[in-house]
Amino acid sequence: MQPVQLFCWHFMAYPYLDKDFDKSGHSGWVTVPNKLWDNNRARGLYQEYIDQLALADRLGFDGMVLNEHHQNIYGLMPSPNIIASALTQCTARGKIVVLGNLLPLHMNPMRVAEEYAMLDQMSNGRLIAGFAPGGGPETFNYDVPSANTREKFWEAADLIVRSWTDEGPFTHEGRYFPLRYVNLWPKPLQKPYPPVWIPGSRSPSTMIEVAKRGYCYFLSSRSHGGETHRAQQEFAKVLEDHGDKYHPFRFGILMSTYVAETDQQARAECEEGVWYFLKNCLKGHLRKEGRQLTYGPGVPYIPAAAWREYMKGYQPGRKLLGDVENWEELEASQSIIVGSPETVARRIGALIERAKVGNLLIQFQLGNMPDQLARKSMKLFAEKVAPVLRQDSAKQFTSEFPGINIEPSAQAVQ
Amino acid sequence: MSGRILDVNGRKVWLLENGGGAPLLYLHGFADVHAVKESWLPFHDLLAKNSRVIAPAHPGCAQSDENKDIDTIEDVVFHYLEVIDALKLDKFDLVGHCLGGWIAAELAARHPEKIRKMVLIGASGLFVEGALIGDIFMNAQPEFGSSYATLREMLFASANQVNALAMFPDGKGEIEDEVRRYQMLRLSSRIGFKPPYFYNRPLRNRLHRISSPALVICGEKDGFVPRSHGETYAKLIPNSGELKVIAGAGHSAHVEKPEKTAMLVTEFLAK
């Protein structure tokens, strides 16, 4: 079976905040004052980030990952499709994973269907189409009423896929997006349609909807303790309940890493970027400080019964990833894996082994990490970590999932 | 106090009923029966001395069925028309707080003939330029992982007063209380989040249709619905007196000053 697929995920953070940003009391999301945007410094920033993704393609990563965020310093891609479009022109092999377009934020889902179809054509069939419902911050960014977000999301996702597969024109008689003429021009290149990935955070209902449709489930959690393994088991069970079978490429996770020549050097080089990411980029999202907007009673998108279940286990004041106070706590979260190639290969290898995960979506550039360090880390990863992970995972997957054949992807170019 | 399920066109509506006399339909807000507590508040007990108080839980609140077809305030108004039919109410007094006040005003503008007298307490629902209703959704997200101080500040005169802390405690309250608060926010997000926030722009120009006498009340320090909204209601409802401002109260005057507020309401209804 094919080895683990290694993707390079770029969030495109705003890296020019002052050192005392955290003390300012501002959130990093939704209300972060845009007077902080500095044109003198930000000129060329997108190019720098796009070049890092183009480097990932040349280094043999299996793909590049982008996603959509609004009004924050965590990710400067209100429209990831614009960056994806640039990537179609400066990359040649890797998949272009847009994970994803936030469907409930769109007035008309056909815009997403059209742009994804264009990207699939422009990239010669390299698109992986991600659909996401958006979280709490996007609720505030775009005034999306929370209570019907999920229903809107699935209606939009199903309409998009139908527009890729069914002959048009047809009429969509939907609750939220009724359309008289659905007739997609252009159509996507991949048949029957580009792979679809859906993020979730272990909610059973999302897993069930993903399983029903045969899509890939992506765990959006950033920390990888026992939960990742549990999510894999839960999803495998849901697939079985739907007459399907789990294999590693039905599942993906997000993680971050930094690789340098030695453990000490790795920590020394990345620490500033890591803390910038944890304290600034996660403020408002995965941090108690200020106001966390991602999940809670103010963004009531799960049904009340599900909220009751959540509340039973809820521990107010529980530390989130951005609340870690020292390096040891960070290491324990297994979110950002830092070290020499040997250390990183061992730790990520153990994660793959336990979680049986075939799609590893890895963030290299963190916070305000300088370009040359991000590039160095990516190169070391590609040269010294990736081969180990690929070899070990191929062996593991072949023995644990016999009889499951996945179309092999192009071999990595070192 | 007795609670019961009312069947409304196949949907369950949970309601409390107490007292005797002329029927009084009470429509709840946030710091209120059904939305934070299972039982009546002292304010409702006081009203029940003179009226037959009927308080349904809004769709999706307490044990009332959720209704996924609710997109706008219009859908809630139709829901209540059916509730009124199911209760066989011909003409009744109508009292509403906050979101409940908004629903009351919308009902009264459409069916003035059904309402004997109307009371609005800290009612949302109006667009008043330059005086937006506050963002309860963002404030319902805890600060520092567990503090609801800014939410209490919106809903009460002070974040630290006893009744505010009892209804919206920091950290985690009783699970069922947490669920009630959540349900109320979930319903509110359907109708009060878009258009932003808690208003129906055309309502203002429909208020002249309300024919019943009306009493408009607000707290002195309402941090959620600005004073000008109460003033506008009082000015544009033809049979309304001056806005009554309850000293020392915030948005939830009926909770913070129950005797004073209940006395105003009772006197007005008895007049």
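Residues numbered from 1 in each chain as written. Chains lettered and ligands numbered in written order. Predicted model: local features only at pLDDT ≥ 70, side-chain atom pairs only at ≥ 80, totals over all residues. Heavy atoms only, no water.

Here's the deal with the nonpolar core
By size, the foremost hydrophobic cluster in this structure holds 240 residues, and its most contacted members are A:Phe131, A:Trp164 and A:Phe381. With residues up to four places along the chain from it excluded, the contact list for A:Phe381 reads A:Leu6, A:Phe61, A:Thr257, A:Val259, A:Val344, A:Ile348, A:Ile362, A:Phe364, A:Ala386, A:Pro387 and A:Leu389. (Core = buried A, V, L, I, M, F, W, Y, C linked by side-chain atoms within 4.5 Å. Buried < 20%, exposed > 50% of the residue type's maximum accessible area, 1.4 Å probe, protein only. Contact = heavy atoms within 4.5 Å.)

Topic: the pattern of salt bridges
One pass over the structure, following the stated rule, counts 36 salt bridges over all chains. Here A:Arg175 makes a salt bridge to B:Asp71, at a shortest N to O gap of 2.9 Å. Separated into two different chains, A:Arg175 in the loop between strand E5 (170-172) and strand E6 (179-182) and B:Asp71 in the loop between strand E4 (51-56) and helix H2 (73-86) make up a pair that spans both. When its relative accessible area of 35% is taken as the criterion, A:Arg175 is described as partly exposed. For B:Asp71, a relative accessible area of 28% puts it in the partly exposed group. (Salt bridge = Lys/Arg side-chain N within 4 Å of Asp/Glu carboxyl O. Helix = DSSP H or I, 4+ residues; strand = E, 2+ residues; numbered from the N terminus.)

Digging into empty space enclosed by the protein
All names here are of chain B. On inspection of all chains with the given rule, the structure shows three cavities of 30 Å³ or more. Here the largest cavity is characterised by a volume of approximately 150 Å³. Going through the elements one at a time, helix H5 (149-155) and helix H7 (175-192) are the ones with two or more residues in the lining of the largest cavity. With four residues, the single largest contributor to the lining of the largest cavity is H7. Classifying every residue of the lining of the largest cavity by side-chain character gives 13 nonpolar, no polar and two charged. Within this model, the second largest cavity holds a volume of roughly 50 Å³. (1 Å grid on protein atoms, 1.4 Å probe; cavity = no way out; pocket = protein on both sides within 12 Å on 5 of 7 lines; lining within 4 Å. Points joined across faces, edges and corners; volume = space filled by probe spheres on them. Nonpolar A, V, L, I, M, F, W, Y, C, P; charged D, E, K, R; others polar.)

Some thoughts on the confidence of the model for chain A
For chain A, mean pLDDT is 95; residues scoring 70 or higher make up 98% of the total. Confidence drops under a pLDDT of 50 for residues 408-414 of chain A, and excluding neighbours within four residues, the segment shows 18 contacts in the predicted structure. (pLDDT = per-residue confidence, 0-100.)

Things to note about the side chain of B:Asp93
All names here are of chain B. Mapping Asp-93 onto the fold places it in strand E5 (residues 92-97). Within polar-contact distance, the side chain of Asp-93 engages the side chain of Arg-116 at 2.9 Å. Residues in contact with Asp-93, not counting those within four places in the same chain, are Pro-23, Leu-24, Leu-25, Arg-116, Lys-117 and Leu-269. (Polar contact = N/O pair within 3.5 Å; in protein donor to acceptor, adjacent residues only side chain to side chain.)

Quick word on the sheet that holds strand E3 (residues 22-27) of chain B
Residues and elements named next belong to chain B. The strand order across the open sheet built from eight strands is E1-E2-E4-E3-E5-E6-E7-E8, with neighbouring strands paired in mixed fashion. One side of each edge strand has no neighbouring strand; the edge strands of this open sheet are strand E1 (2-8) and strand E8 (244-246). This sheet shows a mean twist of 25 degrees between the axes of neighbouring strands, independent of strand direction. Both strand E7 (residues 214-219) and E8 contribute to a ladder of three bridges, which runs parallel. Paired with Ile-217 across the bridge in E8 is Lys-244. Across the sheet, H2 touches E1, strand E2 (11-18), E3, E4 and E5, and the angle it forms with E1 is around 110 degrees. (Pairing = 2+ DSSP bridges. Axes fitted to C-alpha atoms, helices over the stretch in contact; angles between N-to-C directions.)

Let's talk about the packing of helix H7 (residues 204-213) of chain A against helix H8 (residues 226-241) of chain A
Residues and elements named next belong to chain A. Interhelical geometry of H7 versus H8 gives an angle of 50 degrees and a closest axis separation of 9 Å. The pairing of H7 with H8 is recorded here as oblique in orientation. Judged by the twist between their axes, the crossing of H7 over H8 is right-handed. Between H7 and H8, the residues in contact are Met-207, Ile-208, Val-210 and Ala-211 and Ala-231, Glu-234, Phe-235, Val-238 and Leu-239, respectively. (Parallel < 35°, antiparallel > 145°, perpendicular 65-115°, else oblique. Left-handed = near helix turned anticlockwise from the far one by under 90°.)

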